[in-house]
Amino acid sequence: MLTNEQVESLKLQIQPINAETCLLVENALNWIADNTIININMNDLENVQANVRLFITKYIDIMKLPIGITSESAKGLSQSFDTTDKYDLLVSFARSIFGDDNVTAGKVRFVSATDCWK
């Protein structure tokens with residue numbers, strides 16, 4: 001788990017830095033590792049690229065979006081729903097921030113027969 005000091009070293013301008021923030025930042029870094037070809041040195045977070053920092057802030061914003069009912073009228077007679085898929089938003093932002101060629105999420109990957117059992 002990332003510490004408050006590690007998150008502060010990213011200089012994301014996110015306040016307050018607490019346990020939830022640390023988890024969200026760590027999950028953003030894991031999402032980048034799993035869905036892009038970008039390599040991040042976890043021992044040198046203060047020197048990550050600006051686009052990685054931007055994606056982390058967007059990731060946190062997206063994860064904090066309300067899902068389901070977003071507004072309700074008096075006595076619940078009318079409701080507004082948010083049907084936005086957070087994964088699609090993340091992929092869209094990742095492609096715009098990192099470039100389409102650097103994002104592997106949602107793309108078909110070729111796996112040779114010799115590697116399929118690894």
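In this report, the structure presented in the accompanying data block is examined. (Residues numbered from 1 in each chain as written. Predicted model: local features only at pLDDT ≥ 70, side-chain atom pairs only at ≥ 80, totals over all residues. Heavy atoms only, no water.)

Turning our eyes to something else, we now look at the environment of Q49. Looking at the secondary structure, you find Q49 in the loop between α2 (19-35) and α3 (50-63). For Q49 and I38, which are 11 residues apart along the polypeptide, the C-alpha to C-alpha distance reads 10.0 Å. (Helix = DSSP H or I, 4+ residues; strand = E, 2+ residues; numbered from the N terminus.)

This part covers the packing of aromatic side chains. Under the counting rule described, the total for this entry stands at three aromatic pairs. On the numbers, 6.2 Å between centres and 45° between planes, the contact of F55 with Y59 is tilted. Of the two residues, F55 and Y59 both sit in helix α3, four residues apart, roughly one turn of that helix. Assessed through its relative accessible area of 0%, F55 is described here as buried. On the numbers, 5.5 Å between centres and 45° between planes, the contact of F55 with F98 is tilted. Taken together, the residues span a long stretch of sequence, with F55 in helix α3 and F98 in helix α4 (residues 86-98) at a distance of 43 residues. Through successive ring pairs, a cluster of aromatic residues spans W31, F55, Y59 and F98. (Phe/Tyr/Trp six-rings, centres within 6.5 Å; stacked < 30°, edge-to-face > 60°. Buried < 20%, exposed > 50% of the residue type's maximum accessible area, 1.4 Å probe, protein only.)

Moving on: the nonpolar core. Among the nonpolar cores identified, the biggest contains 29 residues, and V25, W31, V52, F55, I56 and F98 are the most heavily contacted of them. Going through the elements one at a time, α2, α3 and α4 are the ones with two or more residues in this core. In terms of residue count, the dominant contributor to this core is α2 (seven residues). In this structure V52 touches L29, I32, I38, I40 and F98, once residues within four positions along its chain are discounted. (Core = buried A, V, L, I, M, F, W, Y, C linked by side-chain atoms within 4.5 Å. Contact = heavy atoms within 4.5 Å.)

Here the focus is the pattern of salt bridges. Across all of its chains, the model carries one salt bridge by this definition. One salt bridge in this structure joins R95 and D100, with 3.0 Å as the shortest N-O distance. Judged by relative accessible area, R95 falls into the partly exposed class, the value being 29%. (Salt bridge = Lys/Arg side-chain N within 4 Å of Asp/Glu carboxyl O.)

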